[in-house]
Amino acid sequence: MIKSTNHQDYQKLIAWLKKSRLEKGLTVRELGEMLDEPFQFVSKIENGQRNLSVHEYVQYCEALGIDARIGLKVFSR
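If you're wondering where the values come from, they're calculated on a predicted model, not measured in any experiment.

Q: Honestly, the pattern of salt bridges in this entry has me stumped. Any pointers?
A: Working definition: two side chains of opposite charge can pair if their charged atoms are close together. Overall, the coordinates contain five salt bridges when judged by the stated rule. A salt bridge links Lys-19 to Glu-23; its shortest N-O distance comes to 3.5 Å. Within this pair, Lys-19 and its partner Glu-23 are both found in helix 1 (residues 8-23), separated by four residues, close to a single helical turn. Notably, a salt bridge pairs Asp-67 with Arg-69, separated by 3.0 Å at the nearest N-O pair. Residue class for Arg-69 comes out exposed when judged on its relative accessible area of 60%.

Put into structure tokens, the structure is as follows:
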């Protein structure tokens, strides 16, 4: 069971999200604006200081223009 942001599968998922953001050439500030959240929201997620809910995860993927199902495959490997 995953209870923290330190779990290796959760870290793989967050690394995938961060890599996707960087590949799109977006800063944490720009992604935060796209999500209508302060940039600290993105920063805390990427630094493992905050968990994403399922709803937030889907919104995050939509903002990045990536398929959330791919991230779930990354997560479950």
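Q: Please clarify how helix 1 should be interpreted in this entry.
A: Note: α-helices contain 3.6 residues per turn, so residues at a spacing of three or four share the same orientation. Between the first and last C-alpha of helix 1 there are 22 Å, a value that for 16 residues agrees with the 22 Å anticipated at 1.5 Å per step. For helix 1, the set of buried residues is Asp-9, Tyr-10, Leu-13, Ile-14, Trp-16, Leu-17, Ser-20 and Arg-21. For helix 1, the angular spread of buried residues about the axis comes to 150 degrees, placing them on one side. Relative to its buried face, helix 1 has exposed residues pointing more than 90 degrees away, namely Gln-8, Lys-19 and Glu-23. If you follow the buried residues of helix 1, they end up packed against helix 2 (28-35), helix 3 (39-46), helix 4 (54-64) and helix 5 (68-76). Taken from the residues just after helix 1, Gly-25 is the one with a positive phi, measuring 75 degrees.

Q: What am I meant to see in the environment of Glu-37 here?
A: Its place among the elements puts Glu-37 in the loop between helix 2 and helix 3. We classify Glu-37 as partly exposed; its relative accessible area is 34%. Along the backbone, Glu-37 and Ile-66 are 29 residues apart, and their C-alpha atoms lie at a distance of 19 Å.

So, how was this worked out
Residues numbered from 1 in each chain as written. Predicted model: local features only at pLDDT ≥ 70, side-chain atom pairs only at ≥ 80, totals over all residues. Heavy atoms only, no water. Salt bridge = Lys/Arg side-chain N within 4 Å of Asp/Glu carboxyl O. Helix = DSSP H or I, 4+ residues; strand = E, 2+ residues; numbered from the N terminus. Buried < 20%, exposed > 50% of the residue type's maximum accessible area, 1.4 Å probe, protein only. Expected span 1.5 Å × (residues − 1). Arc of directions from axis to C-beta. Contact = heavy atoms within 4.5 Å.

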